[in-house]
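Chain by chain, the residues run as shown.
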Amino acid sequence: MTASDATGPGGGIAVLLAEDEESFVDALVVGLGREGFVVTVARDGIEALERFDATPFDLVLLDVMLPKMSGLDVCRTIRTRSNVPIIMVTARSTEIDTVVGLEVGADDYVSKPYRMRELVSRMRAVLRRVPRDPGHTGEVPRVTPGSAPVLAAVPDTVVTVGDVRLDPERHECTVRGREVPLPLKEFELLHQLLLNAGRVMTRDSLIDRVWGSDYVGDTKTLDVHIKRLRGRIEEDPSRPQLITTIRGLGYRFETPRGR
Ligand code: CA
């Protein structure tokens with residue numbers, strides 16, 4: 001079965017796996033296959049781009065350290081032509097901050113060694129929140145003209161992290177049991193942060209998801225919205241405990257455990 005067959009009705013999700021370590025390749029092909037993913041393997045960066053251009057994929061799993069062309073460069077190149085969900089795989093968790101800081105345009109990061117279950121749940125999460133490229137068919141709702149592109153791409157289910165609860169369908173936000181009215185962009189911003197609670201969201205990825213990837217304008221807009229959002233949901237907005245600033249990178253919504 002080829003990757004292009006995989007996107008048909010009843011087929012699996014087509015995944016491009018760029019990985020040069022044989023032990024990981026074998027384990028992933030079997031493990032992901034069991035979860036309904038159809039895996040195409042590329043063993044270096046150049047092959048990854050060739051495969052990517054040859055057939056449509058629903059998701060790319062990209063090792064950072066690849067022969068011939070690094071995963072970071074592969075990611076940057078793919079981003080010039082596609083918004084396909086990309087998960088970068090780093091060799092050590094300490095590398096993640098460096099990789100995130102480079103803002104290559106990946107949707108998520110995992111570090112080796114990882115549990116198959118964790119990887120699969122990350123994969124499903126990015127598949128839910130990233131709209132598929134036109135031409136791909138799938139269950140993920142397509143963006144309809146005039147609707148907010150980002151909000152349409154994420155699930156409308158209630159998200160709760162600690163004392164903050166967000167109901168996208170009703171456009172309701174509750175903080176410490178009290179309802180807090182939020183303007184649309186602040187609501188979308190909080191929604192994105194909550195969906196990624198516990199993880200750093202880069203400034204670029206937040207701007208992309210809330211204002212759209214074609215957004216041109218002052219990046220201060222993001223900081224202004226964060227500031228307003230903190231004013232509404234933080235107990236002490238001058239010392240934020242929920243939305244923290246990760247210097248040089250972006251923002252993170254803290255999970256209760258992390259506080
Ligand atoms: Ca490698």
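Definitions and limits used
Residues numbered from 1 in each chain as written. Predicted model: local features only at pLDDT ≥ 70, side-chain atom pairs only at ≥ 80, totals over all residues. Heavy atoms only, no water. Axes fitted to C-alpha atoms, helices over the stretch in contact; angles between N-to-C directions. Helix = DSSP H or I, 4+ residues; strand = E, 2+ residues; numbered from the N terminus. Parallel < 35°, antiparallel > 145°, perpendicular 65-115°, else oblique. Contact = heavy atoms within 4.5 Å. Nonpolar A, V, L, I, M, F, W, Y, C, P; charged D, E, K, R; others polar. Donors = N, O, S within 2.8 Å, 3.2 Å for Na, K, Ca; no water. Buried < 20%, exposed > 50% of the residue type's maximum accessible area, 1.4 Å probe, protein only. Pairing = 2+ DSSP bridges. Core = buried A, V, L, I, M, F, W, Y, C linked by side-chain atoms within 4.5 Å. pLDDT = per-residue confidence, 0-100.

Undergrad: So, the packing of helix α8 (residues 184–195) against helix α10 (residues 220–233): which residues are in play, and what are the values?
TA: Interaxial distance between α8 and α10 falls to 10 Å at its minimum, and their mutual angle equals 85°. The pairing of α8 with α10 is recorded here as roughly perpendicular in orientation. Taken together, the residues of α10 that come into contact with α8 (itself represented by K185, E186, L189, L190 and L193) are L222, H225, I226, R228, L229, R232 and I233. Looking at side-chain class alone, the contact of α8 with α10 contains 7 nonpolar, 1 polar and 4 charged residues.

Undergrad: I'd love a proper account of the coordination of the calcium ion, names of residues and values included.
TA: Note on metal sites: the ideal angle is 109.5 degrees for four tetrahedral donors, and 90 or 180 degrees for six octahedral donors. Coordination of the calcium ion by the protein is provided by D20 (OD), D63 (OD) and M65 (O), with metal-donor distances spanning 2.1 to 2.3 Å. Motif for the calcium ion, donor spacing along one chain: D-x42-D-x1-M. Here the residue D20 occupies a position in the loop between β1 (13–18) and α2 (22–34), and D63 occupies one in strand β3 (residues 59–63), the gap between them amounting to 43 residues. Residue classification places D20 among the partly exposed residues on the basis of a relative accessible area of 31%.

Undergrad: Outline the sheet that holds strand β9 (residues 178–179), listing residues and values.
TA: Strand order in this open sheet of 4 strands is β6-β7-β8-β9, and the pairing throughout is antiparallel. At either end of the open sheet lies a strand with only one pairing partner, and these are β6 (159–161) and β9. Running over the sheet, α8 touches β6, β7 (164–167) and β8 (172–175) and is turned about 115° from β7.

Undergrad: Quick rundown of the nonpolar core? Include the residues and the values.
TA: Within the largest apolar cluster, 28 residues are counted, with the highest numbers of intra-cluster contacts made by V60, L62, I78, I86 and M88. At the level of secondary structure, the elements contributing two or more residues to this core comprise β1, α3 (45–54), β3, α4 (71–79), β4 (86–90) and α5 (93–101). Considering each element in turn, this core owes the most residues, 4 residues, to α4. Residue contacts for I86: discarding those within four places in its chain leaves V60, L62, C75, I78, R79, A106, D107 and D108.

Undergrad: A description of the environment of V110 should follow, citing residues and the corresponding values.
TA: Here V110 shows up in strand β5 (residues 108–111). The class for V110 is buried, based on a relative accessible area of 2%. For V110 and T90, which are 20 residues apart along the polypeptide, the C-alpha to C-alpha distance reads 6.3 Å. Leaving out residues up to four positions away in the same chain, V110 has contacts with I87, M88, V89, T90, I96, L119 and R122.

Undergrad: Could you give an account of the environment of M88, naming the residues involved and the relevant values?
TA: Looking at the secondary structure, you find M88 in strand β4. Owing to a relative accessible area of 0%, M88 belongs among the buried residues under this scheme. In sequence terms M88 and C75 are 13 residues apart; their C-alpha atoms lie 8.4 Å from each other. Residues in contact with M88, not counting those within four places in the same chain, are L62, V64, G71, L72, C75, A106, D108, Y109 and V110.

Undergrad: How would you explain the sheet that holds strand β12 (residues 250–253) if you had to name every residue and give the values?
TA: Strand order in the open sheet formed by 3 strands is β10-β12-β11, and the pairing between neighbours is antiparallel. On the outer flanks of this sheet lie β10 (200–202) and β11 (243–246), each paired with one strand and no other. Strand-to-strand twist of the sheet, defined as the mean angle between neighbouring strand axes without regard to direction, takes the value 35°. In terms of strand pairing, β11 meets β12 through 4 bridges, oriented antiparallel. What sits directly across from T244, in β12, is R252. Docked against the sheet, helix α9 (residues 203–211) engages β10 and β12, running at close to 75° with respect to β10.

Undergrad: Break down the packing of α9 against α10 for me, with residues and values.
TA: Two numbers describe how α9 lies on α10: the axes approach to 10 Å, and their chain directions differ by 80°. Put simply, α9 runs roughly perpendicular to α10. Along its contact with α9, which presents R203, L206, I207 and W211, the element α10 presents T221, L222, D223 and H225.

Undergrad: Tell me about α3, and name the residues and values.
TA: Those residues of α3 not exposed but buried are G45, E47, A48, L49 and F52. Packed against the buried residues of α3 are β1, β2 (37–42), β3 and α4.

Undergrad: I'd like a rundown of the confidence of the model for the protein chain, residues and numbers included.
TA: Here the protein chain shows a mean pLDDT of 81. Residues at 70 or above account for 79%. Across the protein chain, the element-wise mean pLDDT spans from 33 in helix α7 (residues 149–153) up to 96 in β1. Note that residues 1–10 has pLDDT below 50 and, in this model, 17 contacts with residues that lie over four places away or in other chains.

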